[in-house]
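An overview of the molecular structure
Now for the letters of each chain:
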Amino acid sequence: MTRTIRGGRGRLRLAVTLAAVSAVAAGAAVALASGAEAGSTLGASAAEKGRYFGTAVAAGKLSNSQYTGILDREFNMITPENEMKWDATEPTQGQFRYTGADQIVAHAQAHGQRMRGHALLWYQQEPGWAQNMSGSALRSAMMNHVTTVAGHYKGKIYAWDVVNEAFADGNSGGRRDSNLQRTGNDWIEAAFRAARAADPGAKLCYNDYNTDGINAKSTGVYNMVKDFRSRGVPIDCVGFQSHLGGLPPSDYQANLQRFADLGVEVQITELDISGSNQATAYANVVKACLNVSRCAGITTWGIRDSDSWRTGENPLLFDANGNKKAAYTATLNALNGPGSTVSTPPVSSPPPVSSSPGGGTGNGCTATVSVNQWEGGFVATVRVTAGSSAINGWTVTLPVPSGATVTGSWNVTRSGNSWTNVSYNGHVEAGQYTEFGFQATGTASGLNPACSAA
Ligand code: 9MR
């Protein structure tokens, strides 16, 4: 019997932690898990499958060395647990505050981790001033919030939870009542359009709980996503929170797959699992993701059991002392097991103006690049494919077009025109590939990568 934990008003609401933490040392990006053997950490093993492994992070814990030690060794994606929510980022209407969120982004950038933004609009954790609003005044405040916060983090976010938990529990398959919903049923698509305009390079997700199997609620979300895709509303991904109380539902993978078949990326966004079969349950979630080629990655909702919102349920991968649990080993083993090659769609809109403009075969490897260009900037994704032998390191020579400035990169170390593997993605099996990417301002013209194996 599986039990799915419901979110909702009854849950513990902790104060948003905005205490100052000591500034994270700036400087050169440090590769994730440097020195780690491939396949020996969650992030490295997920990266070998072209996926990420992330966790929710609280800014107030970044000064705890046990916490950051595990974070930077194991995880290559970060979601702020509370710091990007509406009450944290716009406590007074029109006055934006990014203290805690900026600390987390700085940490991620200094440690080669990517960011999931969470969440632009949610009926919970609305600041008091918004809770008291309605109608067109609220709608315009909502859109201003989306535009301003997504704009502040433009170029720094892999995927945004644009809208969180907008569907009702139970069998209606319809929307949840809230003051956001009462501004008109089109509030969700309006939010996605505003987010796309503010940060065209970020993947835009809808995120919810109790949507982990095929049920009335997940079918309601499915129908919305299908409708959005057919009408060109910019949605790129769906987040499945997966707050589980045992094994995932038996149709967990089938549910991920039906969303993936709509052309969106799927992500496990807030995984935590209680119960005696925890290790098996974690392994099953990982296997389901690896079996769905558009499942881009998994995020656990905290690091140690003592960091969890589910006090006393010990639902995470590390115990309160930071030790790896059996569930950790099961998760790592599943990540190192069989799995599909990841293939996640690029952001849906605006359409790429150029794609695979060039490719170069060199010493033992080939590099190709695909580009998502928008007015003023682009994201380039570079695929490094090994030749007929496995390679143990690679460098791609790829000059940045004149007039373009790189604002961020992932899964790579850059020195001028040379882009070199990091510790966890240098080894590529014969005929297999790994990907890195960067975001830049300017125009992606004449990108012609050349690859050489170490
Ligand atoms: O883990 C978060 C906790 O610290 C907050 O007090 C709570 C506020 O409602 O939100 C928790 O995170 C939630 C997430 O933002 C959305 N999905 C459900 C998560 C658990 O409640």
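Calculation criteria
- Residues numbered from 1 in each chain as written.
- Predicted model: local features only at pLDDT ≥ 70, side-chain atom pairs only at ≥ 80, totals over all residues.
- Heavy atoms only, no water.
- Disulfide = S-S within 2.5 Å.
- Helix = DSSP H or I, 4+ residues; strand = E, 2+ residues; numbered from the N terminus.
- Buried < 20%, exposed > 50% of the residue type's maximum accessible area, 1.4 Å probe, protein only.
- Axes fitted to C-alpha atoms, helices over the stretch in contact; angles between N-to-C directions.
- Parallel < 35°, antiparallel > 145°, perpendicular 65-115°, else oblique.
- Left-handed = near helix turned anticlockwise from the far one by under 90°.
- Contact = heavy atoms within 4.5 Å.
- Nonpolar A, V, L, I, M, F, W, Y, C, P; charged D, E, K, R; others polar.
- Core = buried A, V, L, I, M, F, W, Y, C linked by side-chain atoms within 4.5 Å.
- Polar contact = N/O pair within 3.5 Å; in protein donor to acceptor, adjacent residues only side chain to side chain.
- Salt bridge = Lys/Arg side-chain N within 4 Å of Asp/Glu carboxyl O.
- Phe/Tyr/Trp six-rings, centres within 6.5 Å; stacked < 30°, edge-to-face > 60°.
- Lys NZ or Arg CZ within 6 Å of the ring centre and 35° of its normal.
- Pairing = 2+ DSSP bridges.

**Digging into the state of the cysteines**
- Taken as a whole, this structure holds three disulfides when the rule is applied.
- With a sulfur-sulfur separation of 2.1 Å, C205 is cross-linked through a disulfide to C237. Measuring handedness by torsion sign, the sulfur bridge of C205 and C237 sits at about -95 degrees and is left-handed. Separated by 32 residues along the polypeptide, C205 in strand 5 (residues 203-208) and C237 in strand 6 (residues 237-240) bring together distant segments of the chain. For the pair formed by C205 and C237, the shared burial category is buried.
- Covalently, C365 is tied to C451 through a disulfide, its sulfur atoms 2.2 Å apart. Judged by the sign of its S-S torsion, about -105 degrees, the cystine formed by C365 and C451 is left-handed.

**With respect to the packing of helix 6 (residues 135-152) against helix 7 (residues 187-198)**
- For the pair helix 6 and helix 7, interaxial distance at closest approach is 8 Å and the crossing angle is 30 degrees. In terms of their interaxial angle, helix 6 and helix 7 are classed as roughly parallel. Classified by chirality, the crossing of helix 7 by helix 6 is right-handed. Listed contacts from helix 7 to R139, M142, M143, V146, T147, A150 and G151 of helix 6 are W187, A190, A191, A194, A195 and A198.
- Taken together, the residues of the contact of helix 6 with helix 7 break down into ten nonpolar, two polar and one charged.

**Re the nonpolar core**
- Residues Y153, W160, V162, V163, F192, Y206 and F259 are the most contacted members of the largest nonpolar core, which totals 93 residues.
- Among the elements that make up this core, the one with the highest residue count is helix 10 (residues 278-290) (eight residues).
- What F259 contacts, discounting residues up to four positions off in sequence, is S218, V221, Y222, V225, V238, F240, V264 and V266.
- If you look at the next biggest cluster of nonpolar residues, it comprises 24 residues, including C365, A380, F438 and A440.

**Section: the side chain of S274**
- In this structure, S274 sits in the loop between strand 8 (265-273) and helix 10.
- At a separation of 3.0 Å, a polar atom in the side chain of S274 contacts the side chain of R310.

**Some remarks on the pattern of salt bridges**
- Within the structure shown, the criterion is met by 17 salt bridges.
- Notably, a salt bridge pairs D236 with R196, separated by 3.0 Å at the nearest N-O pair. With D236 in the loop between helix 8 (216-231) and strand 6 and R196 in helix 7, this pair connects stretches of sequence that are 40 residues apart. Here the two residues D236 and R196 agree in accessibility, since each one is buried.
- Two residues, D307 and R304, come together in a salt bridge whose shortest N-O distance is 2.9 Å.

**Details of the packing of aromatic side chains**
- As enumerated under the stated definition, the model contains 15 aromatic pairs in all.
- Geometrically, the ring pair formed by W394 and F436 is stacked, given 5.4 Å between the ring centres and 15 degrees between the ring planes. Separated by 42 residues along the polypeptide, W394 in strand 14 (residues 394-397) and F436 in strand 19 (residues 433-441) bring together distant segments of the chain.
- What makes W394 buried here is its relative accessible area of 1%.
- Geometrically, the ring pair formed by W419 and F438 is stacked, given 4.6 Å between the ring centres and 15 degrees between the ring planes. Remark: F438 occurs in strand 19 and W419 occurs in strand 17 (residues 418-420); sequence separation between them is 19 residues. For the residue pair W419 and F438, the accessibility class agrees, reading buried in each case.
- Taking the ring centre of Y222 as reference, the NZ or CZ of R258 above it sits at 4.8 Å.

**A few points about the sheet that holds strand 17**
- Taken in spatial order, the four strands line up as 16-17-14-20 in an open sheet, and their pairing is antiparallel. Whereas interior strands pair on both sides, the edge strands pair on one side only; in this sheet they are strand 16 (413-415) and strand 20 (450-453). Neighbour to neighbour, the strand axes of the sheet diverge by 25 degrees on average, direction disregarded.
- Across three bridges, the pairing between strand 14 and strand 17 is antiparallel. Its bridge partner lying in strand 17, V396 is registered against W419.

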